[in-house]
Amino acid sequence: MQDMEFTIEDKKLYMLQTRNGKRTAKAALKIACDLVDEGMIDEKKAVAMIEPRTLDTLLHPQFDADKLKAATPIGKGLGASPGAACGKVVFTAEDAMAWNERKEKVVLVRLETSPEDIEGMKAAQGILTVRGGMTSHAAVVARGMGKCCVSGCGEIKMDEENKKFTLSGKVYSEGDFISIDGSTGKIYDGIIPTVDATIAGEFGRIMSWADKYRRLKVRTNADTPHDARKARELGAQGIGLTRTEHMICSDTVEERVAALAKLEPMQQEDFEGIYEAMEGCPVTIRFLDPPLHEFVPTEEADIKALAETQGKTVADIKNIIASLHEFNPMMGHRGCRLAVTFPEIAEMQTRAVIKAALAVQARHPEWNMVPEIMIPLVGEVKELKYVKDVVVKTADEELAKAGVQMKYKVGTMIEIPRAALTADQIATEAEFFSFGTNDLTQMTFGFSRDDAGKFLGAYYDKKIYESDPFARVDQTGVGKLVAMAAKLGRETRPELHLGVCGEHGGDPSSVEFFHKVGLDYVSCSPFR
């Protein structure tokens, strides 16, 4: 469809210019389907006509277009999770939950979010953070929930203690109204009405044509049965990443074993729910991979509650928290390093995975359950072999105890440059690769994904970078590592299954690149 400008002079027609006409996502779908129905184009052409990013407007609430035109932004961060939201400002997860129970719509404003904020994030209409980038905790969790999020708005002067912040010269206190646009990153004063997402019949037709002709499979990143069910409803063909993050505040092996014994049935229950939701489709479960600093309480009341639960003094808990401090936690004691130092964690998680798969297989004999266990942050084949040996020994013991034969796979995330460079060696032990492009980008560029927002704006202005490398894969550098690892891995193990589970799995241009280098699937948040 073209938007054409012309003039007529002395009965003669002059064409001045033509450009692609602007249209809504709903109109684009309608036009494409009509052209197919009228025999003007084929189904492949219809799919190619649709700009993937515009489909976000069909899956998330948007601002009323007329009201938005009259509004002036007061600030701008990163559009970390699409959609629009308005509500009263709150500063804690607890307040978000309390106000939500009173049927009040709120926007949760934080310096940055942590796992302790999850319930508050669920209760809020949207999330706004001062720190963080496109792969920060707030951004990743919000995308998984289908929740609007603007992250990394460094213009905000935050005063959390007094529950207020300053932006564009105005002080916003708890209860004041703001509106945020998670697609553009813009922040507005007051209320801008939103319009609920609507999916037209043409959406289903276009998606069915895409399914008909594509080669890449599409999985989802889902950590709960609820997320898995939603992704399955939206067409996910499996799970490429299930995170298993739990904090174990223990000093000794005996204390860890006791804590793990309590966690095992919880993890098994979670895994069973996820397996059930995915209806026999493949599920990849990543073993424990937190930077430990993210999972310790910071508030005095929370520390006291943890001390009472663990039968320790507040001083003991504070000492444990202090011992977990690392100067660079994202490159510290995390990922497979936890399983090397504490193999009992890998043993517990393996038991939970296998027991869950056995239980679901017994309930659904028509399904073919093949658990996929993913060891994170591997950089050396010997560390992968060490953890894999623990997993295989534990899994085989559980299967022998149950008297059942079941196939399972052990693979790894390629998220450290050294793993990509030595992928031929890694593939001697790994049965599949999943590219964790969030960490791979961070370690390749050498800057923090949570702090990069502070300076990336200047890089865009000076044309050093054209886009956020955490949002769109850097094909020149990071992409070269992905292509190299894929080639080396398959030279060692031709049947090696390859996927990507970083946030780039939901970016259209990145998906096109992954298709070209021969990956088997992309995995992204349910609402992408």
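Since we're looking at a predicted model, the values are computed, not measured. (Residues numbered from 1 in each chain as written. Predicted model: local features only at pLDDT ≥ 70, side-chain atom pairs only at ≥ 80, totals over all residues. Heavy atoms only, no water.)

1. Some words on the overall build of the protein
Step number 1: Scanning the protein from terminus to terminus reveals 21 helices and 23 strands.
Step number 2: By principal-axis analysis of the C-alpha atoms, the protein measures approximately 95 × 60 × 45 Å.
Step number 3: Across the 528 residues that make up the protein, the buried fraction comes to 50%.
Step number 4: About 24900 Å² of surface is accessible on the protein, with carbon and sulfur atoms providing 53% of the total. (Helix = DSSP H or I, 4+ residues; strand = E, 2+ residues; numbered from the N terminus. Buried < 20%, exposed > 50% of the residue type's maximum accessible area, 1.4 Å probe, protein only. Areas by Shrake-Rupley, 256 points an atom, 1.4 Å probe, with all protein chains shown as cover.)

2. With respect to the side chain of N221
Step number 1: In this fold, N221 is placed in strand β16 (residues 217-221).
Step number 2: Since its relative accessible area comes to 4%, N221 is described here as buried.
Step number 3: Within the local environment of N221, its side chain forms a polar contact with the side chain of S523, the two groups lying 2.7 Å apart.
Step number 4: Sequence-distant contacts of N221, defined by excluding residues within four places in its chain, comprise G240, L241, R243, C501, E503, S523, C524, S525 and P526. (Polar contact = N/O pair within 3.5 Å; in protein donor to acceptor, adjacent residues only side chain to side chain. Contact = heavy atoms within 4.5 Å.)

3. A few points about the side chain of E398
Step number 1: Relative to the helices and strands, E398 resides in helix α15 (residues 381-402).
Step number 2: Excluding residues that lie within four positions of it along the chain, E398 makes contacts with R351, I354, K355 and L358.

4. Describing the sheet that holds strand β12 (residues 170-173)
Step number 1: Taking strand neighbours across the sheet as the criterion, the three strands line up as β10-β11-β12 in an open arrangement whose pairing is antiparallel. Either end of the sheet is taken by a strand with one partner, and the two such strands are β10 (157-159) and β12. If you compare each strand with its neighbour and ignore which way they point, the axes differ by 20 degrees on average. (Pairing = 2+ DSSP bridges. Axes fitted to C-alpha atoms, helices over the stretch in contact; angles between N-to-C directions.)

5. So, the pairing of strand β18 (residues 283-286)
Step number 1: Along β18, one buried face is formed by V283 and I285 and the opposite face, lined by T284 and R286, is buried too.
Step number 2: The pairing of strand β17 (residues 239-242) with β18 spans two bridges and is classified as parallel. Paired with T242 across the strands is I285, a residue of β18.
Step number 3: The pairing of β18 with strand β19 (residues 372-375) spans three bridges and is classified as parallel. Among the inter-strand pairings, I285 is bridged to a residue of β19, identified as I373.

6. With respect to empty space enclosed by the protein
Step number 1: Tallying each qualifying case throughout the model produces three cavities of 30 Å³ or more.
Step number 2: The computed volume of the largest cavity comes to approximately 60 Å³.
Step number 3: In terms of lining residues, the largest cavity is bounded by F287, L288, G335, C336, L338, A339, I345, A346, Q349, I375, P376 and V387.
Step number 4: Where the lining of the largest cavity is concerned, the elements lending two or more residues are α13 (336-341) and α14 (343-363).
Step number 5: When the residues that make up the lining of the largest cavity are grouped by side-chain class, the tally is ten nonpolar, two polar and no charged. (1 Å grid on protein atoms, 1.4 Å probe; cavity = no way out; pocket = protein on both sides within 12 Å on 5 of 7 lines; lining within 4 Å. Points joined across faces, edges and corners; volume = space filled by probe spheres on them. Nonpolar A, V, L, I, M, F, W, Y, C, P; charged D, E, K, R; others polar.)

7. Observations regarding the pattern of salt bridges
Step number 1: This structure, assessed with the given rule, holds 37 salt bridges.
Step number 2: With a shortest N-O distance of 3.4 Å, D3 and R19 are connected by a salt bridge. A residue pair is termed long-range when its members are at least 10 positions apart, and D3 in strand β1 (residues 2-9) and R19 in strand β2 (residues 12-20) qualify at 16 residues.
Step number 3: Accessibility expressed as a relative area gives 37% for R19, which makes it partly exposed.
Step number 4: Members of the salt-bridge network, linked through shared partners, are R286, D289, R334 and D439. (Salt bridge = Lys/Arg side-chain N within 4 Å of Asp/Glu carboxyl O.)

8. Here we look at a nonpolar patch on the surface
Step number 1: A cluster of nonpolar side chains, contributed by M4, F6, I8, L13 and M15, occupies part of the molecular surface with about 550 Å² of accessible area.
Step number 2: Looking at the nonpolar patch, the elements that each hand over two or more residues are β1 and β2.
Step number 3: Considering every element that reaches the nonpolar patch, the biggest residue donor is β1, with three residues.
Step number 4: Summarising the element assignment, F6 is placed in strand β1. (Patch = residues over 30% accessible without salt bridge, like charges linked within 9 Å, V, L, I, M, F, W, Y side chains within 5 Å.)

9. Some details on the packing of helix α1 (residues 25-37) against helix α8 (residues 201-213)
Step number 1: One can describe the packing of α1 onto α8 by two numbers: an axis separation of 9 Å at closest approach and a directional angle of 65 degrees. Here α1 lies roughly perpendicular to α8, going by the angle between them. Of the two elements, α1 crosses α8, and the hand of that crossing is left-handed. Residue-level contacts link L29, K30, A32, C33, V36 and D37 of α1 to E202, F203, R205, I206 and W209 of α8.
Step number 2: Considering only residue class, the contact of α1 with α8 consists of seven nonpolar, no polar and four charged. (Parallel < 35°, antiparallel > 145°, perpendicular 65-115°, else oblique. Left-handed = near helix turned anticlockwise from the far one by under 90°.)

10. Side note on the packing of helix α11 (residues 300-310) against helix α12 (residues 314-323)
Step number 1: It is at 8 Å that the axes of α11 and α12 come closest, and there the two elements cross at 110 degrees. Here α12 runs roughly perpendicular to α11, going by the angle between their axes. Packed against α11, whose contacting residues are E300, I303, K304, L306 and A307, the element α12 presents V314, I317, K318 and I321 at the interface.
Step number 2: Here the contact of α11 with α12 is built from residues that sort into six nonpolar, no polar and three charged.

11. A few points about the nonpolar core
Step number 1: Of all hydrophobic cores here, the largest spans 64 residues; its most connected members are Y275, I375, I414, I426, F433, F435 and L519.
Step number 2: Excluding residues that lie within four positions of it along the chain, I426 makes contacts with V378, E380, V381, L384, T412, I414, A419 and F433.
Step number 3: Core analysis: the next-biggest nonpolar cluster, separate from the first, contains 21 residues, A80, V106, F447 and L456 among them. (Core = buried A, V, L, I, M, F, W, Y, C linked by side-chain atoms within 4.5 Å.)

12. Overview of the environment of S151
Step number 1: Within the secondary structure layout, S151 lies in strand β9 (residues 148-151).
Step number 2: Sequence separation of S151 and P52 is 99 residues, and the distance between their C-alpha atoms is 23 Å.
Step number 3: Each residue touching S151, except ones within four places of it in the same chain, is listed here: G77, L78, A80, T129, R131, G132, G133 and S136.
Step number 4: Within the local environment of S151, its side chain forms a polar contact with the backbone oxygen of G133, the two atoms lying 3.3 Å apart.

13. What to know about a negative patch on the surface
Step number 1: Judged by side-chain charge, E94, E116, E299 and D302 come together as a negatively charged surface patch.
Step number 2: Of note, D302 is situated in helix α11. (Lys, Arg positive; Asp, Glu negative; His and termini not counted. Charge placed at Lys NZ, Arg CZ, Asp CG, Glu CD.)

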